[in-house]
Amino acid sequence: MAEKLNILAINGPNLNMLGTREPDIYGADTLADMEARCRAICDTDGVVLDWIQSNGEAEIVTAIHQAIGNADWIVINAAGLTHTSVAVRDALALFPGRKIEVHLSNIHKRESFRHHSMISAVVDGVVLGFGAMSYVMAIRGILEIAKESG
């Protein structure tokens, strides 16, 4: 990777409660645990990782807007906003870089209202159902793509 790669990881509502929130679905890892794993991978490869969590839709939209011209990739777990937010979808559509949607659980094996993602149509890929490894898989995928594209 010739240039320094910049990744923004956005984590939506209630993800700050991971580790205690429905561990049978989301696992025992906290969001800080997941961030530490991703940061370790990025630090090894000299990649800049910005990591945010917000329970507010407007803050997430603003973060996406601010990433324009500042981030190469967005990794987003929009949590419940995945299924409801046209605003997050439209903000992601504005972002000219590449995007990966992440979910800890397999949303297609859950309640029917979770089966539809508002944002899948405007992202480059989706990683879901692998628990905390979903984030790691997204980050490693970005690094592989970056290496291949030189």
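This text gives an overview of the structure that appears in the document.

Thresholds, definitions, all that
- By convention here, each chain's residues receive numbers from 1 onward along its written sequence.
- Since the coordinates come from a predicted model, pLDDT governs what is reported: local features require at least 70, and pairs of side-chain atoms require 80 or more to be given and counted, while whole-chain, interface and lining totals use all residues.
- Based on all heavy atoms of the structure, the side-chain values leave hydrogens and waters out of the count.
- Counted as salt bridges are all cases of a side-chain nitrogen of Lys or Arg within 4 Å of a carboxyl oxygen of Asp or Glu.
- Put simply, DSSP marks the helices as runs of H or I at least four residues long and the strands as runs of E at least two long, and each gets a number from the N terminus on.
- Burial classes: relative accessible area under 20% of the type maximum marks a residue as buried, over 50% as exposed, and values in between as partly exposed (1.4 Å probe, protein chains only).
- Two residues form a contact once any of their heavy atoms are found within 4.5 Å.
- By the convention used here, strands pair only if DSSP detects at least 2 bridges between them.

A look at the pattern of salt bridges
Then comes step 1: The full count for this structure, using the stated rule, is 5 salt bridges.
Then comes step 2: Here Glu-35 and Arg-39 are joined by a salt bridge, their closest N and O atoms 2.8 Å apart. In this pair, Glu-35 and Arg-39 are both assigned in helix H2 (residues 31–44), 4 residues apart and thus about one turn of the helix distant.
Then comes step 3: For Arg-39, a relative accessible area of 27% translates into the label partly exposed.

Notes on the environment of Val-122
Then comes step 1: Examined against the element boundaries, Val-122 turns out to sit in the loop between strand S4 (98–103) and strand S5 (125–128).
Then comes step 2: The class of Val-122 is buried, set by a relative accessible area of 13%.
Then comes step 3: A sequence separation of 31 residues divides Val-122 from Ala-91, and the C-alpha atoms of the two residues are 9.6 Å apart.
Then comes step 4: Apart from residues lying up to four places away in sequence, Val-122 is in contact with Arg-89, Leu-92, Ala-93 and Lys-99.

Overview of the pairing of strand S1 (residues 6–11)
Each regular strand shows side chains that alternate between the opposite faces of the sheet.
Then comes step 1: With 5 of its 6 residues buried, S1 lies for the most part within the structure.
Then comes step 2: Here S1 pairs with strand S2 (residues 48–53) via 6 bridges, running parallel. Within S2, the residue paired with Leu-8 across the bridge is Asp-50.
Then comes step 3: The pairing of S1 with strand S3 (residues 73–77) spans 5 bridges and is parallel. Its bridge partner lying in S3, Ile-7 is registered against Trp-73.

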